Amino acid sequence: MKKISLILVLAMSVMMLAGCSNKKNDETTQAPTQAPETEAVTTAAAEETEPETEAEETRPGYVRSHLTGQWIEEEIAEKRPIAVMINNIQAALPQSGISQADVIYECMVEGGLTRLMAIFQDVNGMEKIGPVRSARTYYVYLAGEWNAFYFHYGQCEYAKPYLSAYITQNVNGVMGSDGNAYYRTDDRPAPHNAYTSGERIETMLENKAESDGYIRNLDEFYATLKEVYTTEIEPEYTEHFNLRRMMRLLRWTTA
């Protein structure tokens, strides 16, 4: 019995040693498998950053629009956008020109009503835009974010300080010669019948750009405000949204 017990003890010892040896061998064998995982992560990371390094597509005579990211003529893209306040109540329907807008904002005003602000990259050839209505403070900010000229017909009292700020370039239908940018129709009652057009907008901005020190409004509140209206985008301008990068990412994720 002692011999059998001794043999069993020896056998168990050998098995334990063999198990430890196999475990070490397994660990040694498995160790190199970590490298491919790191390699895979590195590859995935490289793929994620690929859109950043992707070469930008070019088209002679065309560039990406600051407003939409779409291809437009370079000459048009260099123009500053036009933001126009648009009435949005039943008496103002149907509206004109909004289907040609590149960006449209809809915000609440008083009495649970909303008002639109349409932003256009190019108004050339547009015969009728409107009905044009009055400004609100937050729309002045929104127009400024796009570096746009702000066209409106009147304003609420608390918007005046923002409209008079040097950085705001606006054309106000109820102030001085700015009213030449607008006309009224006889198919609906005021104040829902004030409109502008591409030709009127461009003529007004040309007059302002050519008049160094142009006094925008005759109202006493604006009497000392003078500035030159620059119609082209400044070289250092950065668009409000990086639409070109968004479109590259979209193309990459849907490929």
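Since this is a predicted model, take the numbers as computed values, not measurements.

Parameters and conventions
- Residues numbered from 1 in each chain as written.
- Predicted model: local features only at pLDDT ≥ 70, side-chain atom pairs only at ≥ 80, totals over all residues.
- Heavy atoms only, no water.
- Phe/Tyr/Trp six-rings, centres within 6.5 Å; stacked < 30°, edge-to-face > 60°.
- Helix = DSSP H or I, 4+ residues; strand = E, 2+ residues; numbered from the N terminus.
- Buried < 20%, exposed > 50% of the residue type's maximum accessible area, 1.4 Å probe, protein only.
- Salt bridge = Lys/Arg side-chain N within 4 Å of Asp/Glu carboxyl O.
- Pairing = 2+ DSSP bridges.
- Axes fitted to C-alpha atoms, helices over the stretch in contact; angles between N-to-C directions.
- Contact = heavy atoms within 4.5 Å.
- Patch = residues over 30% accessible without salt bridge, like charges linked within 9 Å, V, L, I, M, F, W, Y side chains within 5 Å.
- Areas by Shrake-Rupley, 256 points an atom, 1.4 Å probe, with all protein chains shown as cover.
- Lys, Arg positive; Asp, Glu negative; His and termini not counted.
- Charge placed at Lys NZ, Arg CZ, Asp CG, Glu CD.
- pLDDT = per-residue confidence, 0-100.
- Polar contact = N/O pair within 3.5 Å; in protein donor to acceptor, adjacent residues only side chain to side chain.

**Q** Could you give an account of the packing of aromatic side chains, with specific residues and numbers?
**A** Taken as a whole and assessed by the stated rule, the structure comprises 5 aromatic pairs. A ring pair is formed by Tyr-141 and Tyr-162, whose centres lie 5.7 Å apart and whose planes are at 55°; its orientation type is tilted. Residue Tyr-141 is located in helix H5 (residues 137-145), and its partner Tyr-162 is located in helix H6 (residues 160-163); the two are separated by 21 residues in the primary sequence. Considering the side-chain rings of Tyr-153 and Tyr-182, the 5.3 Å spacing of their centres and the 75° angle between planes classify their relative orientation as edge-to-face. Taken together, the residues Tyr-153 in the loop between strand S6 (149-152) and H6 and Tyr-182 in the loop between strand S7 (170-172) and strand S8 (183-184) connect sequence positions 29 residues apart. The exposure class of Tyr-182 is buried, given its relative accessible area of 5%.

**Q** I'd like a rundown of the pattern of salt bridges, residues and numbers included.
**A** The full count for this structure, using the stated rule, is 3 salt bridges. Two residues, Arg-136 and Glu-110, come together in a salt bridge whose shortest N-O distance is 2.9 Å. With Arg-136 in the loop between strand S5 (114-120) and H5 and Glu-110 in the loop between strand S4 (103-108) and S5, this pair connects stretches of sequence that are 26 residues apart. The exposure class assigned to Glu-110 is partly exposed, which follows from its relative accessible area of 39%. For Glu-157, the salt bridge goes to Lys-160, with nearest N and O atoms at 3.9 Å.

**Q** Describe the sheet that holds S4, listing the residues and the values that go with them.
**A** What the 5 strands build is an open sheet, ordered S4-S5-S3-S6-S7; its pairing is mixed. Both outer strands of the open sheet, S4 and S7, are each paired with one neighbouring strand and no more. For this sheet, the mean inter-axis angle between neighbouring strands, taken without regard to orientation, is 20°. In terms of strand pairing, strand S3 (residues 82-86) meets S6 through 3 bridges, oriented parallel. Each bridged residue has a counterpart across the sheet, and for Ala-83 the counterpart in S6 is Tyr-150. Relative to S4, H5 is tilted by about 160°, and along the sheet it contacts S3, S4, S5 and S6.

**Q** Hey, could you go over the environment of Tyr-153 for me, with residue numbers and the actual values?
**A** It is 8.3 Å that separates the C-alpha atoms of Tyr-153 and Gly-179, two residues lying 26 residues apart in sequence. In this structure, Tyr-153 is in contact with Val-132, Arg-133, Ser-134, Asn-172, Gly-173, Val-174, Tyr-182, Arg-184 and Ala-194, ignoring residues within four places of it in sequence.

**Q** So what about a negative patch on the surface? Which residues, and what values?
**A** A cluster of acidic residues, Glu-73, Glu-74, Glu-75, Glu-78 and Glu-232, forms a negative patch at the surface. With respect to the secondary-structure elements, Glu-74 resides in helix H4 (residues 74-77).

**Q** How would you summarise the confidence of the model for the protein if you had to cite specific residues and measurements?
**A** When pLDDT is averaged across the protein, the result is 76; 61% of the residues are at 70 or more. Every residue in residues 2-9 scores below 50 in pLDDT, and together they form 0 contacts with partners more than four places removed in sequence or on other chains. Here residues 212-227 is a poorly scored stretch, pLDDT under 50, and it has 46 contacts once near neighbours within four places are set aside; other chains count.

**Q** Outline the environment of Met-175, supporting the account with residue identities and numerical values.
**A** Tracing the sequence through the fold places Met-175 in the loop between S7 and S8. With 22 residues separating them along the chain, Met-175 and Tyr-153 place their C-alpha atoms 8.7 Å apart.

**Q** Quick one: what's the story with unusual backbone geometry, residue by residue and with numbers?
**A** With an omega of -5°, the peptide bond between Leu-93 and Pro-94 qualifies as cis. Note on placement: Pro-94 falls in the loop between S3 and S4. In this model, Ala-190 is joined to Pro-191 through a cis peptide bond whose omega is 10°. When you line up the elements, Pro-191 lands in the loop between S8 and strand S9 (194-195). Here Asn-147, not a glycine, exhibits a phi torsion of approximately 60°, which is positive.

**Q** An account of the side chain of Thr-196 is needed here, citing residue identities and associated values.
**A** Structurally, Thr-196 can be placed in the loop between S9 and helix H7 (198-210). A relative accessible area of 0% means that Thr-196 is categorised as buried. Here the side chain of Thr-196 touches Ala-181 through a polar contact of 2.7 Å, landing on its backbone oxygen. Apart from residues no more than four positions distant in its own chain, Thr-196 is found in contact with Val-84, Glu-127, Lys-128, Ile-129, Val-132, Ala-181, Tyr-182, Tyr-183 and Ile-201.

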